[in-house]
Amino acid sequence: MTQLFAKLFGLDGLRPGEDGVRLGFSHALPAWIWAPIVVAAVLLAIWSYWRLEGRRSGRVVLAACRALLLVLLAVLAAGPRLVRENERTERDWVAVLLDRSGSMAIPDGGANRTREAQLEAAASSPAWAKIAESHELLWLGFDADAYELPRTAALGEAAGARTRLGASLSGAIAKLSGRPISGVVVVSDGRTSDPPEGPALRELTSQKVPVFTVPLGSEQALLDLALQSVDAPSSAFVGDFIPVTARVVARGGEAGAAPAARVTLTDPVTGETIDSRELPPDAWHDGVAEVHLAARPEEAGAARWSVRVESAGGDVLPGNNERGVEVELVDRPLRVAYFDGYPRWEYRFVKDLLVREKSVKSSVMLLATDRRYIQEGNVGLAHVPRSSGEWSEFDVIVLGDVRPDAFTPEQLEQIREVVTERGTGLLWIAGPGSTPWLWASTPLRDLLPFSPTLSDSPGAPRAYAAAATPITLRPEPAAARLGVLEMGDGAGAGWPARLSDPSTGWSVLRWSIALDRAAIKPTAEILADGVPISGAGDPSPTVVTMRFGAGRVVFVGSDELWRWRTQAAAGAPERFYLPLVRLAGRGSLARAGRPVVLEAAPATVGVETPVRISATLLDQSLVDAAPPSVGVRITRKASGGSTDEEATSIRLGSEGSGGSAASFASSWVAPGPGEYVVEATDPLLASSGAKAEFRVLSPDDEMRTPEADHALLAELAQRTGGAVVPPDRLDELDGLLPNRSIVIAGEPDVETLWDKPIVLAVLVLLLTGEWVGRRLLKLV
């Protein structure tokens, strides 16, 4: 039938019955109009033959012929034609953004997987093949911006230093400009310095582009422990108990819970554990804990150790858990000169322990006012040293309860000189006769860690007195930091409780000096307090230390430590005095020691964030010099570890009042990211070698806050009409993506029917038939 129709109408292109071919009209009329047209044609034809005379059947045939002719003319006037629409469907696009920033290396993806492993599993999901059946996929990587990813190659290392999600979303939309977009899928941990606000969000919402987020990493911030700093003396004697203080910072983890962690000091060459300490819950204060480790090396040379913090529950960033520390060890006996005024019990015990200790060479003298002396010890002296050169042969000078006039004024000046300039240590052992009572008016007055009087005005009350009641000693935190008063067995053994228990009897010190705390000098540190056994009165400083020049001064405010000689406290006097002697002697090794501490806080900041640069004078002689300010130079490290040529010099203003300020500080804003070094340049401090370092991060540095931000991803999905799709439920994504495909209509194929010869033939046939009929019926 189709072929017959095509043949009758002479159709060459379109044929009825072919796919997409339909009958149409150039002037299409609604179907309801055709009904009255047909009725009108029929009525007109009937009316035309109604009153004519002739056979009825003939008139009916002629009326039908005329009605058909009229309808055909109406159809031809509408322009009948065959039409085939030319349409094509443009499929919509789905942009898939894969996070390629450095935070993908964080192992918080569950089952010890990294976020990168989560992302790779998501990117290789079979769900994408199903989505590709109805959508075009554009694969993009993003960190600072979005870029196309070849699907035929591996993703490569995720090493972006920063993430800008807002800019990446805008970039993805720009790459699909002019195309229908079904949605954007973001596979990320949500960590970004550029949240999708403002233009990016407006662009998404105005184009009604939903964002579907696939969150990576842990929704709860996992624990990250980091070693903020490690402090140890730069030099020490072989056999010393060397203190190593580690400062640990905790981020993330369970809110309000103190992380369980252990800090270990090891030898990285041998793998030997030197010391290890648990961090108890009460060690944490505002996310920071300080732990004191100790080592007792037996070999000379540079000791290089490693300090590591480990969490019992794992650590999200183990790369910041370890720091190195180096101590220069000297293998020679500690040279000690001990002078006392009479053979008291304390003298006998201190003299004996110095003589017995193999690592100490001691020269001991009992001095009388008339310069006569009794000499003991294992190294004899021909006389009391008479020059700075002779005094400098000793690492430590011990002054017991000896009168200052047992020395000449020149000798006292020489002692001050070697302590200040050559790093010789000075240990005071108080007594009821002379020390410190008679030393307040001598050249060594400044070498006492406290002021003799409570003010400089004439007649001011004395800042110390004999304690009214017996005491027991109680160590202070500075003792652990400096590695002294470790009275138990082994390194870092701490202070046994029995030494502070007055019920033992032997732990009670029946004579001591009670120092007024207000008289302690600004740079002094209290190592132990004397606690009255009566319970009346406050504890007072009894063991105090301070730096002075290149040396260190230690003051022991009692001469009753010999009472610890009992079997219950065997070795206690040695464990008390020898570490104090060694502490005082380290200045002779390190020369200038640490007369000033430079600090930069916080140690890690963002660009345009002020850094507080402070200098704390630990050397009383520097404090006495009363500088109005302190000059420092700030340089940025180059990539090779050296410093750039360009440097910034600033001056730190005094934070104290009057002429005894020990602290200076100022704020400074770094011009850009990098690692910076602060060095003292003030002539007063230039030889100290004091340095501090801090790091300035770009505000969008990935590792500043490594915690995943799932809340941001959820908000982004909600505000754009998308949804959050967990990585293990990607098969649901195909049902969530809207169909935004576009049907594009082209110029249709048309073949007219009204102008075909068969149509003219039918018209002529109808007209001829009606005319012939009228002639036969004699109606003309």
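About the cut-offs
- Residues numbered from 1 in each chain as written.
- Predicted model: local features only at pLDDT ≥ 70, side-chain atom pairs only at ≥ 80, totals over all residues.
- Heavy atoms only, no water.
- Pairing = 2+ DSSP bridges.
- Helix = DSSP H or I, 4+ residues; strand = E, 2+ residues; numbered from the N terminus.
- Axes fitted to C-alpha atoms, helices over the stretch in contact; angles between N-to-C directions.
- Core = buried A, V, L, I, M, F, W, Y, C linked by side-chain atoms within 4.5 Å.
- Buried < 20%, exposed > 50% of the residue type's maximum accessible area, 1.4 Å probe, protein only.
- Contact = heavy atoms within 4.5 Å.
- Phe/Tyr/Trp six-rings, centres within 6.5 Å; stacked < 30°, edge-to-face > 60°.
- Expected span 1.5 Å × (residues − 1).
- 1 Å grid on protein atoms, 1.4 Å probe; cavity = no way out; pocket = protein on both sides within 12 Å on 5 of 7 lines; lining within 4 Å.
- Points joined across faces, edges and corners; volume = space filled by probe spheres on them.
- Nonpolar A, V, L, I, M, F, W, Y, C, P; charged D, E, K, R; others polar.
- Parallel < 35°, antiparallel > 145°, perpendicular 65-115°, else oblique.
- Left-handed = near helix turned anticlockwise from the far one by under 90°.
- Arc of directions from axis to C-beta.
- Patch = residues over 30% accessible without salt bridge, like charges linked within 9 Å, V, L, I, M, F, W, Y side chains within 5 Å.
- Areas by Shrake-Rupley, 256 points an atom, 1.4 Å probe, with all protein chains shown as cover.
- Salt bridge = Lys/Arg side-chain N within 4 Å of Asp/Glu carboxyl O.
- Polar contact = N/O pair within 3.5 Å; in protein donor to acceptor, adjacent residues only side chain to side chain.

Student: When you look at the sheet that holds strand β10 (residues 235–237) in this model, what are you seeing that I'm missing?
Tutor: Strand pairing in a sheet relies on backbone hydrogen bonds. The paired strands run either parallel or antiparallel. The strand order across the open sheet built from five strands is β10-β17-β16-β12-β13, with neighbouring strands paired in mixed fashion. With one partner strand each, in any of the chains shown, β10 and β13 (273–279) form the two edges of the open sheet. Strand after strand, the sheet turns through a mean of 30° between neighbouring axes, direction not considered.

Student: Any chance you could explain the nonpolar core here in plain terms?
Tutor: Nonpolar side chains in soluble globular proteins generally cluster together in the buried interior. By size, the foremost hydrophobic cluster in this structure holds 42 residues, and its most contacted members are Leu527, Val556, Trp564, Phe576 and Tyr577. When sequence neighbours within four positions are dropped, the list of residues in contact with Val556 reads Leu427, Trp428, Ile429, Ala430, Thr542, Val543, Leu561, Phe576, Tyr577 and Leu580. Formed by 38 residues, the second largest nonpolar core is a distinct cluster that contains Met365, Val419, Ala440 and Ala524.

Student: Is there a simple way to think about the packing of aromatic side chains in this case?
Tutor: Each aromatic ring pair is characterised by the separation of its centres together with the angle its planes make. By the definition in use, this model includes 18 aromatic pairs. Aromatic pair Phe339 and Trp391: ring centres 5.7 Å apart, planes at 65°, arrangement edge-to-face. Pair noted here: Phe339 is in strand β18 (residues 334–340) and Trp391 is in helix α9 (residues 388–391), with a separation of 52 residues, a long-range link. A single burial state applies to Phe339 and to Trp391, both of which are buried. Look at Trp391 and you get buried, because its relative accessible area is 0%.

Student: Sorry if this is basic, but what is going on with unusual backbone geometry here?
Tutor: Most peptide bonds take the trans form, and the phi angle of most residues other than glycine is negative. A cis amide bond, omega 5°, links Thr435 with the succeeding residue Pro436. Within the secondary structure, Pro436 is located in the loop between β22 (425–429) and β23 (464–466). Positive phi outside glycine occurs at Asp286, with the angle close to 55°. Within the element layout of this structure, Asp286 appears in the loop between β14 (284–285) and β15 (288–295). Its identity as a non-glycine residue notwithstanding, Leu485 has a phi of 60°, on the positive side.

Student: Any chance you could explain helix α12 (residues 572–585) here in plain terms?
Tutor: Think of an α-helix as turning once every 3.6 residues; residues three or four places apart then point the same way. Under the 1.5 Å per step criterion, the end-to-end length of α12 is 20 Å for 14 residues, consistent within 8% with the ideal 20 Å. Within α12, 12 of the 14 residues are buried, which leaves it mostly tucked inside the rest of the structure.

Student: Could you clarify how one ought to interpret the environment of Trp34 in this entry?
Tutor: Positionally, Trp34 belongs in helix α2 (residues 31–50). We classify Trp34 as buried; its relative accessible area is 17%. A sequence separation of 324 residues divides Trp34 from Lys358, and the C-alpha atoms of the two residues are 127 Å apart.

Student: Any chance you could explain the pairing of β13 here in plain terms?
Tutor: The side chains of a regular strand alternate, first on one face of the sheet and then on the other. Where strand β12 (residues 261–266) meets β13, six bridges bridge the pair, whose relative direction is antiparallel. Opposite Ala261, over in β13, you have Leu279 as the bridge partner. Here β12 folds back onto β13 in antiparallel fashion, the turn holding six residues, of which Gly271 has a positive phi close to 80°.

Student: How do you make sense of the layout of surface pockets when you look at a structure like this?
Tutor: In this structure, the second largest pocket occupies an estimated 390 Å³ of space. Taken together, 17 residues line the second largest pocket, and the ones lying closest to its centre are Asp267, Ile274, Pro297, Ala303 and Trp305. Among the elements that take part in the lining of the second largest pocket, strand β16 (residues 301–311) stands out by supplying five residues, more than any other. For the lining of the second largest pocket, the class distribution of residues is nine nonpolar, two polar and six charged.

Student: Is there a simple way to explain the packing of helix α6 (residues 165–175) against helix α7 (residues 199–206) in this structure?
Tutor: A pair of packed helices can be characterised by two numbers: the angle between their axes and the separation between those axes. Contact geometry of α6 with α7 gives a least axis separation of 9 Å together with a crossing angle of 40°. Classified by the interaxial angle, the pair formed by α6 and α7 is oblique. Considering how the two elements wind past one another, α6 and α7 form a crossing that is left-handed. Across the interface between the two elements, Gly166, Leu169, Ser170 and Ile173 from α6 touch Ala200, Glu203 and Leu204 from α7.

Student: What should I look at first to understand the packing of α2 against helix α3 (residues 56–78) in this one?
Tutor: Packing of α2 against α3 leaves a shortest axis separation of 8 Å and a crossing angle of 145°. Note that α2 runs across α3; the crossing there is right-handed. Touching Trp34, Ile37, Val38, Ala41, Val42, Leu44, Ala45, Ile46, Ser48, Tyr49 and Trp50 of α2 are Arg59, Leu62, Ala63, Arg66, Ala67, Leu70, Val71, Ala74, Val75 and Ala78, all from α3. The residue makeup of the contact of α2 with α3, split by class, is 18 nonpolar, one polar and two charged.

Student: Just to check I follow, could you spell out helix α15 (residues 710–720) for this structure?
Tutor: Every buried residue of α15 is listed here: His710, Leu712, Leu713, Leu716, Ala717 and Thr720. Along α15, the residues classed as buried sweep out an arc of 160° about the axis, all on the same side. Facing away from the buried side of α15, by more than 90 degrees, are the exposed residues Ala711 and Gln718. Contacts from the buried residues of α15 go to α6, β7 (181–188), α7, β8 (211–215) and β37 (723–724). Immediately beyond the C-terminal end of α15, within one or two residues, lies Gly721, with a positive phi of roughly 80°.

Student: What am I meant to see in a nonpolar patch on the surface here?
Tutor: Together, Val38, Val39, Val42, Leu43, Ile46 and Trp50 make up a nonpolar patch on the protein surface, roughly 550 Å² of accessible area in all. With respect to the secondary-structure elements, Val42 resides in helix α2.

Student: So what exactly am I meant to see when it comes to the pattern of salt bridges here?
Tutor: Proximity of charged atoms lets side chains of opposite charge pair with each other. Tallying each qualifying case throughout the model produces 30 salt bridges. In this structure, Glu476 and Arg474 form a salt bridge, with 3.7 Å as the shortest nitrogen-oxygen distance. One salt-bridge network, in which partners are shared between bridges, spans Arg474, Glu476, Arg517 and Asp529.

Student: Explain the side chain of Ser188 here, please?
Tutor: With respect to the element layout, Ser188 can be found in strand β7. Within the structure, the side chain of Ser188 is placed 3.0 Å from the backbone nitrogen of Gly190, a separation counted as a polar contact. Not counting residues within four places of it along the chain, the set of residues in contact with Ser188 comprises Asp99, Phe142, Val214, Pro215, Leu216 and Leu713.

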